[in-house]
Every structure is written in structure tokens, then in C-alpha cells.
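The primary structure of each chain is shown beneath.
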Amino acid sequence: MSGVRAVRISIESACEKQVQEVGLDGTETYLQPLSMSQNLARLAQRIDFSQGSGSEEEEAAGAEGDAQDWAGAGSSADQDDEEGLVKFQPSLWPWDSVRNNLRSALTEMCVLYDVLSIVRDKKFMTLDPVSQDALPPKQNPQTLQLISKKKSLAGAAQILLKGAERLTKSVTENQENKLQRDFNSELLRLRQHWKLRKVGDKILGDLSYRSAGSLFPHHGTFEVIKNTDIDLDKKIPEDYCPLDVQIPSDLEGSAYIRVSIQKQAPDIGDLGTVNLFKRPLPKSKPGSPHWQTKLEAAQNVLLCKEIFAQLSREAVQIKSQIPHIVVKNQIISQPFPSLQLSISLCHSSNDKKSPKSATEKQSPEDHLYVLEHNLHLLIREFHKQTLSSIMMPHPASAPFGHKRMRLSGPQAFDKNEINSIQSSEGLLEKIIKQAKHIFLRSRTAATIDSLASRIEDPQIQAHWSNINDVYESSVKVLITSQGYEQICKSIQLQLNIGVEQIRVVHRDGRVITLSHEGQELQDFLLSQMSQHQVHAVQQLAKVMGWQVLSFSNHVGLGPVESIGNASAITVASPNGDYAISVRNGPESGSKIMVQFPRNQCKDLPKSDVLQDSKWNHLRGPFKEVQWNKMEGRNFVYKMELLMSALSPCLL
């Protein structure tokens, strides 16, 4: 063998994986081997718990082996061979021993549980010690029966007493748990409306507007406490709340801002005193918890203090022609020479009202709700500007600040433009501008109303716009005559009421600017009403077929009017025989002249120059009409009757 050349033999290991499929090209697909957990589950599925345990069978086989006798050598050798085969035969159930041990342990635990339940509850069996003393020989059986009944009743009474104690304890625990649950539910409701945080063993809340951008230094912190002022033995009231809040002493009570506008001019009445943020005393409503009303009142006090502090700071810093005065809780300003604006902070910390405040009764007309709403908007806008005042620079190397300030260099802004970017109106300036606008709008409305109630002919109508700005309002003024609205539409004015002036836009596009003085607006409206009468005569002449000979809005002859200028018009009848001349002034009133034909004038002197009869068809001198004795409800109606009387009859 040594001379034979060695031959290499390739030994391939047996495939540990089972082949699932062999493809047409000879490729084999193998099954992945089972993991340890999968193999354990597969073995456990083979266990049959319905069969008996192997230990019992072995004990039975052992008993039979002991009972039988060993009979013979041949038979003993066969049995030894069979026992050897059985000894080395593997078990059919791998978990057989585990199952047997678990069954025995379960049986012992069930027995132990039954014994303990019987001993503990004493419902099924009572363990009494055995009496050592022997019964007396002569004992009445009735006595024994009475003693047993007495013991039974004592045991029943003891059971009832223990049950009553358990019920009482359970009711008390339920009440305490209910109160605890109510406190947690109230705390959850409080967290839904207010910002809370836990500091140590205390629960603190925040009343301030710092999260909205407020810079007011007041902390505005309140504490949430548990209400323990209740006796569990007594009946719980309906308005009981397990949660209570403790607010700072300087935020207790109610507060509001009083704004009063006083004028010294005799023509306009006082606008009255305005109370902003006026809240009633904290009263718990049936549907809302009392802590909600208490916290809202405290937050209102904090907001009023913040607004007044901001107004006071701006009143000291702003440089105006008439300086603002800040005295204690009052700010006095003078927007117009005849107007005084007073802003006061009223804070009452007690529930009892003073007799002075009780006697003050303000009508609902004096409350300017627009100022209250605008003041809310202004403080929200101020907070928003505080939050968005600092913007991240783009690019990152640019300085912090407003975006327009960063663009001022590349866009070559001059000094005035940069100052306009930096300057911004404060809260007090905006309130003063709004007060000016409200005062000017009220004065305009009062002037129009006084003219409408005092002058019946012509009629003046005002149509106020519902959509206005806080600094500008518009009103459309129409001057018409009753019954002739369709033909008398010449005077239509659009008044744009601003902060310090009024812009009047005519129908033809002319613009006139008026100051804040009410007398100037009144004089202007009177002159427009005077011109309306002349325009109405012009429109009526066109309808009646009369000819307009002359028309002028500003007559240079006659008496000089102290208010505006007089207007005049001259119209002639269709056949030219009659002529009517109308002169109307804002102060002098109307003057109507009628020119008759010369042949109807009997009092004319005979002329030696005009001998021909054709000159008699010329119109003679004018005669004034007694306008007060004319019948008619207004000026245009009287003029229509006069034109109808002087017009020729076409029948």
C-alpha cells in the first residue's frame, strides 16, 4: 500500500437542512432550521395531557413484580432481557416529569387554599378547643339548649356589628375619595383655562399677559389651595367647591378705567363720563365655578393697571404743545382748545360701595363701547409688537432690529425716512386721536341734527356709513325738498370726518377742507341749503318749460351776507311775457320778483319817445311778491304754483 500513490477523496458533509424544492435547473431550495423557541414549541405540541402519568404505571408494574414469583432460569433470563430493553427505552413525553410535578404542586396549593379559607372566614367550620372537664352527671338538657342559643345569638350579633363597622368605614372612604376626585377634576378644569405650574408642594398659577408679550413687572401669581372648610358629617352644600384660589392682595376687588371728555363750548353738550372695563362684584354663577369669576376679576385689575401704567409712562415722555398732566391715578390731556380728556384708574378693593359711587348713575348712552373695544385692540397690538419687535437678521452678519432698518443702507434712506421708521405712535397718542375723532364726529352729528330740527324747508338728511375706521368716518348729506326729491338732486355732499378736520366732497368733485370748529360746518351747510333753493327753481323751470335767463351761485349785488354768498336766478315764461327773478341768501332769506308785460301795467307813465304799439309787448318793471302769503307747503311748491299761474293756457 505504501507504493500506491495517494488519491484525494472529497467528503461532502450531510445536508443539515431539508430540501424543500429542486428546480428545473438543478437548484435546491432549503428550509430554514427551527430556532430554539420554535423547536421548544414544536416539542410542547406533542404532549398529550389526556393520558395517565408514567409514575403511576411504574408503581403498578412494581407491585405486580413483587407479587409474582421468579419461576425458572430460562424465564428469568428472558425477563432480564426485557427489563434491559425497557430500561434503555426513551420516554414518550419529554415534559412528563414537569407535568407530574406541576400537578402535585397544584393539588397541594388547592388544599392549602381551602384550609386557609375555612379557618379565616369561619363560614363553613369553626375550630373550638375540646373541653377537658367532664359534664356533670345531672345537667338539664334545656340548660344546654339555652346556652347554645345564647352563644349563637352572640355570634350573630358580633357578625352584624362587624358588618356595620365595615359599612361605616366604606361610606367614609367613599366620601373622602369623592372629594379627592372632585378636587382633581376641578384642578383639571382650572388647567384648561389658566396656566399652572408646581413649585415644591405648592401649585401656582399665572394671571399676567407675559406669554402674550406684556412687559408689566407685576408677577401676577396666584396659589391653588384645597378647600377643607367642610364637615363630612353634615350635608354638603350645593355650591361647595373643593378647590379655592388665593390671589395677591393688590389684585383683589374690581377695577376699571374711567375716561371723561369735557367741553367748555356752549353749543355742544357734554359727551359724558365713560367707564371702561367696568365689572360687577365677583359673584359665582350657577353654571360656572366661583374661582373662574375671581380670577377673571383679578386679571381685569391687572390689565387695567398695566394699561394705566403704559399711559402714564407715555404721558411723561411725550413732548406736546400742551403738556399732559399726571396726578396720582389720573391723566389729563387737552386735545382741542375747548376739549379736555381725563383718564382715571378706579380700583375698589372692598365689596361695599362708597356712597359717592352709589349715587353716580350713568345712562347707557354715555358708554362709548367703541373706545373699550379699541383699547382692547391697542393693548393686544402693543403686546404683538413686543413679541415681533426683534427679528433674526438675514443674512446672519446683519445687526438686530427691524427689517426696514437693515435695508436702510442698501436702499439709501435719508435721515427723515430713518426717523419715520424709528418713530411709532404710543398708546396714549392713539387714544387721544380716537378721542378727537369721536368728539369731531359727535359735533358733526349734533350740528346736522340741530339744522334738521330747526329748518323744515329744505330738508337735510344724513346717511352714516356702518363701516368706518377708528380715525375716520363718512356721512352722506342730502338736501332735498319734500315732494320734489326726483328733480331736486343737485346738492349731495360727502363728509369725511378725520381727526382734526373735515373733508367735504361735492357732487362735481370739488373738495373743501373744514376745521374742527362746529360753527364753520354750520355756516357751510346753511350756504348749501340756500343754494339748493336756487338750484330747485332751475330744475323746476326745465320741467315747466320756462327759460333760464341768468343763474349765479355768488351774486355780487345787493346786501352782503355774513354767512357765505347769495344766489340768484331769472327765468322767463314760455311765451316771454313774464319773468321771475329769485334771490336767496343764507341770512337774508328769499326774495322773489315778478316782471309783467308793459301793456298790463296801468300805472306806467306815458312816454313821448315810445309811440309805436310794438313797444308795449316789452316787459315792464319788477314787482316783489309777498312770499309769506303764498299758499304751499314749501318753497318749491309755491314756485310751481306761481309758474303755473303765469304760464299761458294752451287750451
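Note that the coordinates shown come from a computational prediction; the quantities given were computed from them, not determined experimentally.

### With respect to the overall build of the protein
(1) Moving on: Counting its regular elements, the protein contains 13 helices and 21 strands.
(2) Moving on: Across the 651 residues in the protein, those meeting the buried criterion constitute 30%.
(3) Moving on: When the accessible area of the protein is evaluated, it comes to approximately 45100 Å², of which 54% is carbon and sulfur surface.

### A look at the packing of aromatic side chains
(1) Moving on: Across all of its chains, the model carries 4 aromatic pairs by this definition.
(2) Moving on: Aromatic side chains phenylalanine 336 and phenylalanine 439 sit 5.7 Å apart centroid to centroid with 45° between the ring planes, which places their arrangement in the tilted category. Note that phenylalanine 336 is positioned in the loop between β10 (330-333) and β11 (339-348) and phenylalanine 439 in helix α11 (residues 427-454), a separation of 103 residues in sequence. For the pair phenylalanine 336 and phenylalanine 439, one class covers both residues: buried.
(3) Moving on: Above the face of the tyrosine 471 ring, lysine 433 is positioned so that its terminal group lies 4.5 Å from the ring centre.

### Here we look at helix α13 (residues 635-646)
(1) Moving on: Taking 1.5 Å as the rise per residue, α13 with 12 residues should run 16 Å; its terminal C-alpha atoms sit 17 Å apart, in good agreement.
(2) Moving on: Within α13 the residues assigned to the buried category are Phe635, Val636, Lys638, Met639, Leu642, Met643 and Leu646. The buried residues of α13 all sit within an arc of 160° when viewed along its axis, so they share a single face.
(3) Moving on: Contact partners of the buried residues in α13: α12 (518-544), β18 (567-572), β19 (579-585) and β20 (589-597).

### Here's the deal with unusual backbone geometry
(1) Moving on: Look at the link from aspartate 457 to proline 458: it is a cis peptide, with omega at 0°.
(2) Moving on: Within the secondary structure, proline 458 sits in the loop between α11 and β12 (459-464).

### Focus: the confidence of the model for the protein
As a general rule, the predicted coordinates of low-pLDDT regions are not to be interpreted in detail.
(1) Moving on: Per-residue pLDDT for the protein has a mean of 76; in total, 69% of the residues score no lower than 70.
(2) Moving on: In the model of the protein, helix α7 (residues 355-359) stands out as the element of lowest mean pLDDT, 39, in contrast to strand β15 (residues 502-505), which has the highest, 93.
(3) Moving on: Here residues 352-367 is a poorly scored stretch, pLDDT under 50, and it has 12 contacts once near neighbours within four places are set aside; other chains count.

### Remarks on the environment of tyrosine 209
(1) Moving on: Structurally, the position occupied by tyrosine 209 is in the loop between β4 (202-206) and β5 (221-226).
(2) Moving on: Its relative accessible area of 15% is what places tyrosine 209 among the buried residues.
(3) Moving on: For the pair tyrosine 209 and glutamine 299, spaced 90 residues apart in sequence, the C-alpha to C-alpha distance is 9.0 Å.

### Side note on the sheet that holds strand β14 (residues 492-497)
Strands pair in a sheet through their backbones, by hydrogen bonds, and they do so in one of two ways: parallel or antiparallel.
(1) Moving on: Within the open sheet, the 5 strands sit side by side as β12-β13-β14-β15-β16. Their pairing is antiparallel. Lying at the two open borders of the sheet, with one neighbouring strand each, are β12 and β16 (511-514). Ignoring strand direction, the axes of neighbouring strands in this sheet form an average angle of 25°.
(2) Moving on: Sitting on the sheet, α11 is in contact with β12, β13 (473-480), β14 and β15, with an inclination near 150° to β12.
(3) Moving on: The sheet strands contacting α12 are β12, β13, β14, β15 and β16, and the helix crosses β16 at an angle near 145°.

### Some thoughts on the side chain of glutamine 299
(1) Moving on: For glutamine 299, the location among the structural elements is in helix α6 (residues 290-317).
(2) Moving on: At a separation of 3.2 Å, a polar atom in the side chain of glutamine 299 contacts the main-chain carbonyl oxygen of leucine 207.
(3) Moving on: Apart from residues no more than four positions distant in its own chain, glutamine 299 is found in contact with Trp194, Leu207 and Tyr209.

### Concerning the pairing of β15
(1) Moving on: Only one face of β15 is buried, namely the one carrying Ile502 and Val504, since none of Arg503 and Val505 on the opposite face is buried.
(2) Moving on: Looking at chain direction, β14 and β15 are connected through 4 bridges and run antiparallel. Counterpart to isoleucine 497 in the pairing with β15 is isoleucine 502.
(3) Moving on: Taking the residues between adjacent antiparallel strands as the criterion, β14 and β15 are bridged by 4 residues.
(4) Moving on: Summarising the sheet, β15 and β16 pair through 4 bridges and their orientation is antiparallel. Its bridge partner being in β16, isoleucine 502 is matched across the sheet by leucine 514.

### Let's talk about the pairing of strand β6 (residues 243-246)
(1) Moving on: Residue alternation in β6 divides its side chains into a buried set, Leu243 and Val245, and an unburied set, Asp244 and Gln246.
(2) Moving on: Sheet analysis places β5 next to β6, joined by 4 bridges and oriented antiparallel. From the neighbouring strand, valine 224 faces β6, where its bridge partner is valine 245.

### Some details on a nonpolar patch on the surface
(1) Moving on: Residues Leu40, Trp95, Val98 and Leu102 make up a contiguous nonpolar surface patch of about 360 Å² in total accessible area.
(2) Moving on: A relative accessible area of 35% places valine 98 in the partly exposed class.

### Notes on the packing of α12 against α13
(1) Moving on: Running from N to C, α12 and α13 cross one another at 35°; their axes reach a closest spacing of 10 Å. Considering how the two elements wind past one another, α12 and α13 form a crossing that is right-handed. Together, Gln533, Ala536, Val537, Leu540, Ala541 and Met544 of α12 and Phe635, Val636, Met639, Glu640, Met643 and Ser644 of α13 make up the contact between the two elements.
(2) Moving on: Its residues placed into classes, the contact of α12 with α13 shows 9 nonpolar, 2 polar and 1 charged.

### Here's the deal with the pattern of salt bridges
(1) Moving on: Summed over all chains, the structure comprises 6 salt bridges.
(2) Moving on: Among the salt bridges present, the one from aspartate 96 reaches arginine 99, with a minimum N-O distance of 3.6 Å. Placement of the pair is aspartate 96 and arginine 99 together in helix α4 (residues 96-121), with a separation of 3 residues, close to one helical turn.

### Let's talk about the sheet that holds β4
(1) Moving on: The antiparallel open sheet is built from 4 strands, whose spatial order is β3-β4-β5-β6. Looking at the sheet topology across the chains shown, the edges are occupied by β3 (195-199) and β6. Taken pair by pair, the neighbouring strands of this sheet meet at an average axis angle of 35°, ignoring direction.
(2) Moving on: Against the sheet, α6 contacts β5 and β6, and its axis sits at roughly 15° relative to β6.

### What to know about the nonpolar core
(1) Moving on: Among the nonpolar cores identified, the biggest contains 44 residues, and Leu243, Leu295 and Ile343 are the most heavily contacted of them.
(2) Moving on: For this core, the element with the highest residue contribution is α6, accounting for 11 residues.
(3) Moving on: Apart from the residues lying within four places of it in its own chain, the contact partners of isoleucine 343 are Ile257, Arg258, Val259, Phe308, Leu311, Asn329, Gln330, Ile331, Leu428 and Ile431.

### Observations concerning the packing of α6 against α11
(1) Moving on: Between α6 and α11, whose axes approach to 8 Å, the crossing angle comes to 90°. Considering their axes alone, α6 and α11 lie roughly perpendicular with respect to each other. Here α6 contributes Ile307, Gln310, Leu311, Glu314 and Ala315 to the contact with α11, which in turn contributes Leu427, Leu428, Glu429 and Ile431.
(2) Moving on: For the contact of α6 with α11, the class distribution of residues is 6 nonpolar, 1 polar and 2 charged.

Reading guide: rules and limits
- Residues numbered from 1 in each chain as written.
- Predicted model: local features only at pLDDT ≥ 70, side-chain atom pairs only at ≥ 80, totals over all residues.
- Heavy atoms only, no water.
- Helix = DSSP H or I, 4+ residues; strand = E, 2+ residues; numbered from the N terminus.
- Buried < 20%, exposed > 50% of the residue type's maximum accessible area, 1.4 Å probe, protein only.
- Areas by Shrake-Rupley, 256 points an atom, 1.4 Å probe, with all protein chains shown as cover.
- Phe/Tyr/Trp six-rings, centres within 6.5 Å; stacked < 30°, edge-to-face > 60°.
- Lys NZ or Arg CZ within 6 Å of the ring centre and 35° of its normal.
- Expected span 1.5 Å × (residues − 1).
- Arc of directions from axis to C-beta.
- Contact = heavy atoms within 4.5 Å.
- pLDDT = per-residue confidence, 0-100.
- Pairing = 2+ DSSP bridges.
- Axes fitted to C-alpha atoms, helices over the stretch in contact; angles between N-to-C directions.
- Polar contact = N/O pair within 3.5 Å; in protein donor to acceptor, adjacent residues only side chain to side chain.
- Patch = residues over 30% accessible without salt bridge, like charges linked within 9 Å, V, L, I, M, F, W, Y side chains within 5 Å.
- Salt bridge = Lys/Arg side-chain N within 4 Å of Asp/Glu carboxyl O.
- Left-handed = near helix turned anticlockwise from the far one by under 90°.
- Nonpolar A, V, L, I, M, F, W, Y, C, P; charged D, E, K, R; others polar.
- Core = buried A, V, L, I, M, F, W, Y, C linked by side-chain atoms within 4.5 Å.
- Parallel < 35°, antiparallel > 145°, perpendicular 65-115°, else oblique.

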